[in-house]
Amino acid sequence: MGEISLNELEARADAAGIDLLQIDLDSIQLPPGDDFGIISDDEDVYQEEQMDFDYGLGNTIVVDNLPVVPKEKFDKLEGVVRKIYSQIGVIKEDGLWMPVDPDTHKTLGYCFIEYNTPQEAELAKEKTNGYKLDRAHIFAVNMIEDFNRFMKVPDEWAPPEIRPYVPGENLQNWLTDEKARDQFVIRAGSDTEVFWNDARHLKPDPVYKRAYWTESFVQWSPLGTYLATVHRQGAAVWGGASTFNRLMRYAHPQVKLIDFSPGEKYLVTYSSHEPSNPRDANRVVINIFDVRTGKAMRDFKGSADEFAIGGTGGVAGVSWPVFKWGGGKDDKYFAKIGKNMISVYETESFSLVDKKSLKAESVVDFSWSPTDPILAFFVPELGGGNQPARVSLIQIPSKEELRQKNLFSVSDCKLYWQSNGDYLAVKVDRYTKTKKSTYTGFELFRIKERDIPIEVLELDNKNDKIIAFAWEPKGHRFAVIHGDSPRPDVSFYSMRSTHNTGRVSKLTTLKGKQANALFWSPSGRYIILAGLKGFNGQLEFYNVDELETMATAEHFTATDIEWDPTGRYVATSVTSVHHEMENGFNIWSFNGKLLYRILKDHFFQFLWRPRPPSFLSPEKEEEIAKNLKKYSKKYEAEDQDVSLLLSEQDREKRRMLKDEWEKWVSEWKRLHEEEKLLRQMLRDGEASDEEEEYEAKEVEVEELLDVSEEVLFEFGQE
């Protein structure tokens, strides 16, 4: 509540008819508490999100095992300590205090150092704990907060309170929806909302809504079990079908980015903090938490430069995610790129596999197979071209090289895995002989075949610029947008040919399409050729089985496209990050029929809730596909019921409008009748309601049309 001046107070009192001089101010009793008993709408959220962390002394460390010296050597020791600790961060003015024994006038063997930021204090602890000043003096460094925490532990042991077991909600319950609908989350303004996609009824069905649920973004876990939110004090995860109770919190002040492991066992959090000295690099803190227990399994701290190798993006030049997860859904391994190496860690001990990193000179990019513990990495040309570029496939944990391909005259490489890990496409940009331009080709690795054969693919016009590349999920086909804007071509290829299953073959080329992005359905077969950004949201829904266009449409200025996990529906959206006009989202059927459109101001995010993989075997899925007509009868009947219901709702709406109109007409007729006597009186007893009572009279009216004067003769002229 803002302060108001005495003049304003007097003016308000006058307006309310109150004489301030007559009021005994001492007799007024205000409700207790800072808020005077008036609780804000979001007070419960604020209270709930406050984590019990006191960072008052978070920037102070205690350095133990210092030499005990007399008064005359005090300045020398202080100078040595200051020199060591000033290299790590900026010590506050009067921020170094070395206590002295009042009896002996000697130091007590420890000191306190206060930095400008908690991050510098943590780094000082990490870097100097165990620092050897000389043989007899090895530093023991602790945060002063740790002492405060340990001092609060009671002297007497008390048995922990045993709380009664309360079964939680089944976190997979949302998968049992009778209508087999999918959920999605949106963020618009300060609200975060979860909906069912009720495509049959052509509308979203609300599930849960909360204001100020996150401070930056929300994120589903890869299998859809959790929804993660981001706060000043850390991250939190929530779950359920409709209640979305908080399940766990993860303490990480000023967290900026988060990432789940593929099997949802671990959550990686990232923050970057500016140093006191502007010449120093940003300080990065990365924590890996166990999702279910909230325990921090491992942290990584250092300068932003240490985490910025390989690729760009993320925050402050750091490529995100810093750690890439491998080994399928088991979450066994994770790795990060370093200078001339790839560091691979295993989650059993959270330490390096074989206690050492994988050496790879000047490595710039790497990628895991989505299903197997296989790493692919790219090393550029070295020694002025004497040592060729290469792509290597490495098996983990043995670190055995499964396959290697040397590449010449390379300017750049991109790695694309197919979702089942069956194929790896390496897009290779090569220099022409003159070195003035580049052309592109593909090296296609058949991972699951014996000795991993490699095929080279060049486009019909190898000088075409590659605009986009995408594998068909779970399939053997891929699509490429190539050529020059504004109307590039789109080509489809298969890793099988009609005569030889081990040969890549071209299926078709679509000429002159307004497309710059490819979006395959998660179940394959269908793809959207999209023209985003400069193409203003052009959409072409294409059936790759039949090689034919199902529909063309437009979602003007669309910025994002996302298929639902089943491949039945697709969402296109316009977020306010890119455009302020027409914010919101459209839901389409897989074949390009617009089902419904929702407009939302300040629209930030649309995310489908992912589904875990099906428990059905490939054979069972194939059997269902063959007998689809038998299974679909039930759903066709339900669709028919919904269609009839919608028709009935339309008829009911029209009936209501008709009833309202008739009610309105009869009301006016009633009023007309009530006023009949009044009208008769105003017309001197003449009744005027019936047409026949009127009498026609002819009235002659004389009308003067024009008057003009004309002088014919003038007298008196000579």
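Residues numbered from 1 in each chain as written. Predicted model: local features only at pLDDT ≥ 70, side-chain atom pairs only at ≥ 80, totals over all residues. Heavy atoms only, no water.

(A) Molecular detail of the overall build of the protein. Check the secondary structure of the protein and you find nine helices and 43 strands. For the protein, the residues scored as buried account for 40% of the 718 residues in total. Here the analysis covers contacts within the protein between residues at least 6 apart in sequence; of these, 46% occur between residues at least 24 apart. With an accessible surface of roughly 44,000 Å², the protein has 51% of that area assigned to carbon and sulfur atoms. (Helix = DSSP H or I, 4+ residues; strand = E, 2+ residues; numbered from the N terminus. Buried < 20%, exposed > 50% of the residue type's maximum accessible area, 1.4 Å probe, protein only. Contact = heavy atoms within 4.5 Å. Areas by Shrake-Rupley, 256 points an atom, 1.4 Å probe, with all protein chains shown as cover.)

(B) Fine view of unusual backbone geometry. Note the cis peptide between W320 and P321, where omega equals 0°. By secondary structure assignment, the location of P321 is in the loop between α6 (304–307) and β18 (324–326). In this structure, the amide linkage connecting I396 to the following residue, P397, adopts the cis form with an omega of 10°. For P397, the position within the fold is in the loop between β25 (389–395) and β26 (400–407). The backbone of N65 shows a phi angle near 70°, a positive value even though the residue is not glycine. Mapping N65 onto the fold places it in the loop between β1 (60–64) and α3 (74–86).

(C) Inspection of the sheet that holds strand β9 (residues 203–211) at higher detail. On the basis of which strands lie adjacent, the open sheet formed by four strands has the order β9-β8-β7-β43 and antiparallel pairing. If you trace the sheet from one side to the other, it starts and ends with β9 and β43 (603–608), each paired once. On average, each strand axis in the sheet is inclined to that of its neighbour by 20°, with strand direction left out of account. (Pairing = 2+ DSSP bridges. Axes fitted to C-alpha atoms, helices over the stretch in contact; angles between N-to-C directions.)

(D) View of the pairing of strand β27 (residues 410–417). In this structure, β27 lies alongside strand β28 (residues 423–431), joined through seven bridges in antiparallel fashion. Following the sheet pairing, C413 is matched in β28 by V428. Hairpin remark: β27 followed by β28, antiparallel, with five residues in the connecting loop; positive phi at G421, about 75°.

(E) Quick peek at helix α5 (residues 144–151). What α5 keeps buried is the set I144, E145 and D146. The inward-facing, buried residues of α5 contact β1, β3 (110–115), α4 (118–128) and β6 (140–143).

(F) Looking closely at the sheet that holds strand β17 (residues 296–303). Taken in spatial order, the four strands line up as β14-β15-β16-β17 in an open sheet, and their pairing is antiparallel. Only two strands of the sheet have a single neighbouring strand rather than two, namely β14 (257–260) and β17. Direction aside, the axes of adjacent strands within the sheet are offset by 15° on average. Contacts from α4 reach β15 (266–273), β16 (283–290) and β17, with the element oriented near 75° to β16.

(G) Here's a closer look at the pattern of salt bridges. Enumeration according to the criterion identifies 35 salt bridges in this entry. Between K301 and E122 there is a salt bridge, with the nearest N and O atoms lying 3.1 Å from each other. Here K301 is found in strand β17, whereas its partner E122 is found in helix α4, with 179 residues between them in sequence. The class of K301 is partly exposed, set by a relative accessible area of 21%. A relative accessible area of 28% means that E122 is categorised as partly exposed. With a shortest N-O distance of 3.3 Å, R149 and D146 are connected by a salt bridge. Here the residue R149 and the residue D146 both occupy positions in helix α5, the gap between them amounting to three residues, near one helical turn. When salt bridges with common partners are traced through the structure, they connect D177, K179, R181, D198 and D205 into a single cluster. (Salt bridge = Lys/Arg side-chain N within 4 Å of Asp/Glu carboxyl O.)

(H) Here's a closer look at the packing of aromatic side chains. Taken as a whole and judged by the stated rule, the model has 41 aromatic pairs. Taking the centre distance of 5.4 Å and the plane angle of 15° together, the rings of Y423 and W471 count as stacked. With a gap of 48 residues between them, Y423 in strand β28 and W471 in strand β31 (residues 466–471) connect regions that are remote in the sequence. Exposure class is identical for Y423 and W471. Each is buried. Their ring planes at 40° and their centres at 4.8 Å tell us that Y526 and F590 sit as a pair that is tilted. In this pair, Y526 is assigned in strand β36 (residues 526–531) and F590 in the loop between β41 (584–589) and β42 (594–599), connecting sequence segments 64 residues apart. Assessed through its relative accessible area of 12%, Y526 is described here as buried. Look at F590 and you get partly exposed, because its relative accessible area is 28%. Through pairs of rings, three or more aromatic residues link up here, namely Y266, F300, F323, W325, F334, Y345 and F350. When the ring centre of Y439 is taken as reference, the NZ or CZ atom of K462 above it lies at 4.5 Å. (Phe/Tyr/Trp six-rings, centres within 6.5 Å; stacked < 30°, edge-to-face > 60°. Lys NZ or Arg CZ within 6 Å of the ring centre and 35° of its normal.)

(I) Up close: the nonpolar core. Of all hydrophobic cores here, the largest spans 22 residues; its most connected members are I61, V63, V81, Y85, C111, I113 and Y115. At the level of secondary structure, the elements contributing two or more residues to this core comprise β1, α3, β2 (91–97), β3, α4 and β6. If you tally residues by element for this core, the top one is α3, at five residues. Not counting chain neighbours up to four residues away, the residues in contact with V81 comprise L66, L96, M98, C111 and I113. In this structure, A376, C413, F445 and I447 belong to the second largest nonpolar core, which totals 18 residues. (Core = buried A, V, L, I, M, F, W, Y, C linked by side-chain atoms within 4.5 Å.)

(J) Geometry of a nonpolar patch on the surface. The grouping of W661, W664 and W668 at the surface amounts to a nonpolar patch, some 430 Å² of accessible area in total. Mapped onto the fold, W664 is located in helix α8 (residues 628–674). Relative accessible area serves as the criterion here: at 49%, W664 is assigned to the partly exposed category. (Patch = residues over 30% accessible without salt bridge, like charges linked within 9 Å, V, L, I, M, F, W, Y side chains within 5 Å.)

(K) Main features of the side chain of D464. By the secondary structure assignment, D464 is in the loop between β30 (454–458) and β31. Here D464 sits buried without a salt bridge, and the closest side chain of opposite charge, K511, lies 7.0 Å off (N-O distance). Non-local contacts of D464, meaning those with residues more than four positions away in its chain, are made with L459, H482 and G483. (Lys, Arg positive; Asp, Glu negative; His and termini not counted.)

(L) A look at the environment of V456. Structurally, the position occupied by V456 is in strand β30. Remark: the alpha-carbon pair of V456 and E443, spanning 13 residues in sequence, is separated by 4.8 Å. Ignoring sequence-local partners within four residues, the contact set of V456 consists of K405, F442 and E443.

(M) Geometry of the environment of L459. Among the structural elements, L459 can be located in the loop between β30 and β31. Classification of L459 by relative accessible area gives buried; the value is 7%. Each C-alpha atom of the pair L459 and T440 lies 8.2 Å from the other, and the pair is 19 residues apart in sequence. Contacts of L459, omitting those with residues within four sequence positions, involve D464, I466, H482 and Y493.

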